[in-house]
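# A look at the structure
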Amino acid sequence: MSEIRDQCIWITGAGSGIGQALVRLLVAQNNFLIISGRGSEQLLEVQKLCPQRIRLLPCDVGNDEDMQRAKSELESLTDQLDLVIACAGTCEYEDDLRLDTASYRRVFDSNFFGVVNTLRTALPLLNHRAAGKTPPVFAAVGSLSSVVGMPRAEAYGASKAALGYFLDAVRADTARVPLRIVEIRPGFIDTPLTASNDFSMPFLMTPEKAAQRILAGLSSGARTIDFPRRLSWPLRLMGCMQSLWFGLVAPRLTRIHQLRHRI
Ligand SMILES: NC(=O)c1ccc[n+]([C@@H]2O[C@H](COP(=O)([O-])OP(=O)(O)OC[C@H]3O[C@@H](n4cnc5c(N)ncnc54)[C@H](OP(=O)(O)O)[C@@H]3O)[C@@H](O)[C@H]2O)c1
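Residues numbered from 1 in each chain as written. Predicted model: local features only at pLDDT ≥ 70, side-chain atom pairs only at ≥ 80, totals over all residues. Heavy atoms only, no water.

### What about the site of the ligand?
Taken together, 30 residues lie near the ligand, and Ser16, Arg38, Tyr156, Ile189 and Thr191 sit nearest. Contact distances for the ligand include 3.0 Å between an oxygen atom and a backbone N or O atom of Gly39. At a separation of 3.0 Å, an oxygen atom of the ligand approaches a polar backbone atom of Cys87. Among the secondary structure elements, those contributing two or more residues to the shell around the ligand are helix 1 (17-28) and helix 5 (154-173). A breakdown of the residues in the shell around the ligand according to their chemical character gives twelve nonpolar, 15 polar and three charged. (Near = heavy atom within 4 Å. Polar contact = N/O pair within 3.5 Å; in protein donor to acceptor, adjacent residues only side chain to side chain. Helix = DSSP H or I, 4+ residues; strand = E, 2+ residues; numbered from the N terminus. Nonpolar A, V, L, I, M, F, W, Y, C, P; charged D, E, K, R; others polar.)

Encoded structure:
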């Protein structure tokens, strides 16, 4: 397994949580990092880890115009990228099946269109392969929640499931070019995203541990990086045994006992 070292890497969602933990590990391995998020203050804090090897590229990945500006800035920072990790994302739970489309759009803007925009911005810089070097990698963070239909996760899970299909299709379309597409599907990680969750989160991991698992998966050449296995295997099994999931497990998880009458 080769360590990721001396590479030029762009990470979105790098101001906190999993993204920030990835920056910590990657900067310690002598990589040059370009870090993105909407909040410049958080990014400036992260840059303090190693100002010589970390550059800031604040942007809203879900905003097409902002990403147009970010593209020129990115091209002024580097003329090639070895690895991109699209980690930016958000979560809004669906309460009482309100089907509030504004919430769905916010979630899809960051989690789905944000990754499309990130790939569009990075693609010209990923189009290279030096002799003897492994191909460039585009990785995006999905979620194990997309493996089965989770109560309250209609918007979040759908955005991550759409992301999974998108990555598969891009992988198919780039099958003859030197570009590796990777889907990362974590379970529950202890970050600001999950800090206000009021339900039990089995096998909760630290962002540091999650970042280690991601880097090990990226180094191993995997196409999909699912972790922890203790959660991913049962969920994948449930994905194959739908009657068990919807008949036995989902009724215990849902908070809806009755549909409210709406006019
Ligand atoms: N924590 C978990 O249990 C878990 C599980 C599975 C998957 N994930 C996924 O892992 C990724 C990282 O999440 P996390 O847990 O580390 O949460 P986090 O600490 O909240 O990190 C998410 C980061 O994304 C940035 N971001 C959100 N929307 C953005 C946008 N439109 N443009 C640019 N940056 C944006 C946020 O910064 P700004 O607000 O400053 O922009 C934040 O720094 C997400 O894709 C999440 O869905 C998390």
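Now, onward.
### A short note on the side chain of Ser36
Structurally, Ser36 is set in strand 2 (residues 32-36). A polar atom in the side chain of Ser36 sits 2.8 Å from the side chain of Trp10. Non-local contacts of Ser36, meaning those with residues more than four positions away in its chain, are made with Trp10, Ile11, Thr12, Gly13, Ala14, Gly15, Leu43, Leu57 and Cys59. (Contact = heavy atoms within 4.5 Å.)

### A short note on the nonpolar core
Counting 33 residues, the largest nonpolar core has Ile11, Leu33, Ile85, Ile184 and Leu218 as the members making the most contacts within it. The element contributing the most residues to this core is helix 1, with six residues. Leave out the neighbours within four places in its chain, and Ile11 touches Gly19, Leu22, Val23, Leu26, Leu33, Ile34, Ile35, Ser36 and Ile85. (Core = buried A, V, L, I, M, F, W, Y, C linked by side-chain atoms within 4.5 Å. Buried < 20%, exposed > 50% of the residue type's maximum accessible area, 1.4 Å probe, protein only.)

### Overview of the packing of aromatic side chains
Under the defined criterion, the tally for this structure stands at five aromatic pairs. For the pair Tyr93 and Phe199, a centre-to-centre distance of 5.7 Å together with 80° between the ring planes defines the contact as edge-to-face. Here Tyr93 is found in the loop between strand 4 (83-86) and helix 4 (101-122), whereas its partner Phe199 is found in the loop between strand 6 (180-186) and helix 6 (207-220), with 106 residues between them in sequence. Tyr93 gets classed as partly exposed once you look at its relative accessible area, which sits at 25%. Here the basic side chain of Arg236 rests over the ring of Trp233, its NZ or CZ set 4.7 Å away from the ring centre. (Phe/Tyr/Trp six-rings, centres within 6.5 Å; stacked < 30°, edge-to-face > 60°. Lys NZ or Arg CZ within 6 Å of the ring centre and 35° of its normal.)

### Thoughts on the layout of surface pockets
Taken as a whole, the second largest pocket holds about 350 Å³ of empty space. Lining the second largest pocket are 19 residues, and of these Gln7, Thr134, Pro135, Val137 and Arg180 lie nearest its centre. Residues of the lining of the second largest pocket, tallied by class, amount to seven nonpolar, seven polar and five charged. (1 Å grid on protein atoms, 1.4 Å probe; cavity = no way out; pocket = protein on both sides within 12 Å on 5 of 7 lines; lining within 4 Å. Points joined across faces, edges and corners; volume = space filled by probe spheres on them.)

### Let's talk about the side chain of Asn31
Within the fold, Asn31 resides in the loop between helix 1 and strand 2. Among the polar contacts listed, one links the side chain of Asn31 to the backbone oxygen of Ile4, at a separation of 3.0 Å. In this structure Asn31 touches Ile4, Arg5, Asp6, Gln7, Ile9, Leu26 and Arg53, once residues within four positions along its chain are discounted.

### Focus: the pairing of strand 5 (residues 137-141)
Within strand 5, five of the five residues are buried, which leaves the element mostly enclosed by the surrounding structure. Of the two faces of strand 5, the one carrying Val137, Ala139 and Val141 and the one carrying Phe138 and Ala140 are both buried. Here four bridges tie strand 4 to strand 5, and the two strands are oriented parallel to one another. Following the sheet pairing, Ile85 is matched in strand 5 by Ala139. (Pairing = 2+ DSSP bridges.)

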